Amino acid sequence: MRLAFALFQYFPYGGLQRDMLAIAKACHQLGHEITVFTRAWEGDQPEFVSLTLLEVSAMSNHGRDAAFVEAFQQQDLTAFDKVIGFNKMPGLDYYYAADSCFAEKAESRSAFYRGLARTKHHLAMEEAVFGRASKTKALLISRPEMAVYQRHYGLQGEAAQRRLFMLPPGIRRDRIVPEDYQERRKAFREAQGWREDEKIVLFIGSGFKTKGLDRAIAGFAQQSAASQLFVLGQDKAKAYIKQTKLLKLGGRVSFLGGVDNIQDYLWAADALLHPAYRENTGTVLLEAMVAGLPVVTTDDCGYCSYVTQWEMGEVLYKPNAEDIANSLEKVLKVSRKMWLGLAQDFAEHADIYSMPTSAASLICSTEGE
């Protein structure tokens, strides 16, 4: 089959982007041709992907999104057997639901917000995917979010069985603690100039606002167990750098941008801090856990149940800075040996790797077509 993948923009450090590429690779391995339509592509282009760039321009983000949707629909999509979207838009056969329900967000906001042009645009795109008139099948990665979509769009019974499909997580196995972990950890820490006895905390992810970087910094400032916080992710950091100065954190918080060797940081650090305000899944939680790191997160992350079930950290409910600081100090008091033992058990027994192949099997199936 010929498959068209639609994605607003690709950059190598985005979770949605990595998921798209993993699913594309899995589909290719099943013998299918992949063409990705996007308005921007940063980084290397894999050999198994054909790329079509659609140049669009507009004054606003939602305007650019709308222009991309229009340009995409003007393509000869009849040349493809199936169309798979990674952002919400009309005319999709499958939608990979990495984003949370926008109708839920709009419902809780003011009448002014609901009347904005960008709000109406996002609601219209979501209706095109999940509305009763749509035939799009949604590949969901968060069971709580699935229930939210069902409530807003009345997808129950037969309609839900026909159009909503739950996927397992799909993290990369190269995050698992390696056999030479101790040597690699020691070498990397020495290369970074970290003392053997100091505790290193990571914040990982693009989208600093929704992932709670502000309260991560605030919580870090109130605790005494960790000496440094490293922020890994591609986003605007100006406001957060200002926050570190106001809190007199000096050089204790470092902004590294996107990095290619995430696993080296995971193996060398001592905890992951991820106090998100809203997170459909939180793949980085699982990556940290298999890498041997305890996690401090919130119940707003779709994958937080894994942290609780496998006892790999602390899950907080609407935490303040003191709550975060206390939880961070608590997990850092536990020995590395215990966290590594829990990580090994989790990595060996949890179903957390098969999302790309499960998605590809559904997309490429001809059953019921």
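So, here's what we can say about the structure. (Residues numbered from 1 in each chain as written. Predicted model: local features only at pLDDT ≥ 70, side-chain atom pairs only at ≥ 80, totals over all residues. Heavy atoms only, no water.)

If you trace the backbone, His 121 turns up in helix 5 (residues 117-130). Taking relative accessible area as the criterion, His 121 reaches 12% and is therefore assigned buried. When near neighbours in sequence (up to four residues on either side) are disregarded, His 121 contacts His 62, Asp 65 and Ala 66. (Helix = DSSP H or I, 4+ residues; strand = E, 2+ residues; numbered from the N terminus. Buried < 20%, exposed > 50% of the residue type's maximum accessible area, 1.4 Å probe, protein only. Contact = heavy atoms within 4.5 Å.)

What follows concerns the environment of Val 284. Tracing the sequence through the fold places Val 284 in helix 12 (residues 283-290). Sequence separation between Val 284 and Ser 57 is 227 residues, and the spatial gap between their C-alpha atoms is 32 Å.

Residue alternation in strand 4 (residues 82-85) divides its side chains into two sets, Lys 82 and Ile 84 and Val 83 and Gly 85, and both sets are buried. In the sheet, strand 1 (residues 2-6) pairs with strand 4 via four bridges, with the strands oriented parallel. Paired with Phe 5 across the bridge in strand 4 is Ile 84. In the sheet, strand 4 pairs with strand 5 (residues 94-97) via two bridges, with the strands oriented parallel. In the sheet register, Gly 85 faces strand 5, and the bridge partner there is Tyr 95. (Pairing = 2+ DSSP bridges.)

Moving on to the sheet that holds strand 6 (residues 137-140). Strands sit in the order 3-2-1-4-5-6-7 across an open sheet of seven strands; the sheet is parallel. Pairing within the sheet leaves two strands with one partner each, and these edge strands are strand 3 (49-53) and strand 7 (164-166). Going from strand to strand, the sheet's axes swing by 25° on average, the running direction of each strand aside. Together, strand 1, strand 2 (33-38), strand 3 and strand 5 form the strand contacts of helix 1 (residues 15-29), whose direction differs from that of strand 1 by roughly 180°. The strands touched by helix 6 (residues 143-153) within the sheet are strand 6 and strand 7, with strand 7 carrying the most contacts at an inclination of about 170°. (Axes fitted to C-alpha atoms, helices over the stretch in contact; angles between N-to-C directions.)

In this model, helix 14 (residues 321-333) (13 residues) spans 19 Å end to end at C-alpha, consistent with the 18 Å of a helix rising 1.5 Å per residue. Along its buried surface, helix 14 packs onto strand 8 (200-204), helix 9 (213-222), strand 11 (271-274), strand 12 (295-298), strand 13 (313-316) and helix 15 (336-349). (Expected span 1.5 Å × (residues − 1).)

Strand order across the open sheet formed by six strands is 10-9-8-11-12-13, with parallel pairing between neighbours. Both edges of this open sheet fall to strand 10 (253-257) and strand 13, since each of them pairs with a single strand only. For this sheet the average axis-to-axis angle between neighbouring strands, irrespective of direction, equals 20°. Where strand 8 and strand 11 come together, two bridges link them in parallel fashion. If you follow Leu 202 over to strand 11, its bridge partner there is Leu 272.

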